[in-house]
Amino acid sequence: MTRVIRRNERLVWAAVVAALATSASWLAVISIALLARAKGFDAPAVLAAGRALVRAAWLMVRHGAAIVPLALLVPGLGVLFVRALRGDRALNGETRHA
């Protein structure tokens, strides 16, 4: 195995471990919250306000998702327009001198 393949394999395993650790921590937090609710623990006002803010942010993301393709398309078309005006010099690896 070459050093590059080993390095890439280690990076992949590190990403997998990080993803699993993140998922496990979220599951633990959700389980603790459900147990606390089942035992009759009342959430403080700060937690209720935080939940309201998270819900509002989620609604903004959900309703704003329709504009995402347009928001990505406009800058992409701008880049293509600039490249068309500039020519293929930079794309072919030629150096531009001012």
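The structure contained in this document is the topic of the report that follows. Owing to the predicted nature of the structure, the values given are computational and were not obtained by experimental measurement. (Residues numbered from 1 in each chain as written. Predicted model: local features only at pLDDT ≥ 70, side-chain atom pairs only at ≥ 80, totals over all residues. Heavy atoms only, no water.)

1. Details of the overall build of the protein
At step 1: Helix and strand counts for the protein come out as 3 helices and 0 strands.
At step 2: From first element to last, N terminus to C terminus, the protein shows the α and β order α-α-α.
At step 3: Per-residue burial over the protein gives 0% buried out of 98 residues.
At step 4: Accessible surface computed for the protein: about 9100 Å², of which carbon and sulfur atoms make up 71%. (Helix = DSSP H or I, 4+ residues; strand = E, 2+ residues; numbered from the N terminus. Buried < 20%, exposed > 50% of the residue type's maximum accessible area, 1.4 Å probe, protein only. Areas by Shrake-Rupley, 256 points an atom, 1.4 Å probe, with all protein chains shown as cover.)

2. Regarding a nonpolar patch on the surface
At step 1: A contiguous nonpolar surface patch, about 780 Å² in accessible area, is contributed by Ile67, Val68, Leu70, Leu72, Leu73, Val74, Leu77 and Leu80.
At step 2: With respect to the helices and strands, Leu70 occurs in helix 3 (residues 68-86).
At step 3: In this structure Leu70 comes out as partly exposed when scored by relative accessible area, which is 47%. (Patch = residues over 30% accessible without salt bridge, like charges linked within 9 Å, V, L, I, M, F, W, Y side chains within 5 Å. Salt bridge = Lys/Arg side-chain N within 4 Å of Asp/Glu carboxyl O.)

3. Here we look at helix 1 (residues 3-38)
At step 1: For helix 1, with 36 residues, the first-to-last C-alpha span of 52 Å sits near the 52 Å given by 1.5 Å per residue.
At step 2: Directly after helix 1, the chain includes Gly40, whose backbone phi takes a positive value near 90°. (Expected span 1.5 Å × (residues − 1).)

4. Re the environment of Ala33
At step 1: Structurally, the position occupied by Ala33 is in helix 1.
At step 2: The spatial distance from the C-alpha of Ala33 to the C-alpha of Ala43 is 9.6 Å, given a sequence separation of 10 residues.

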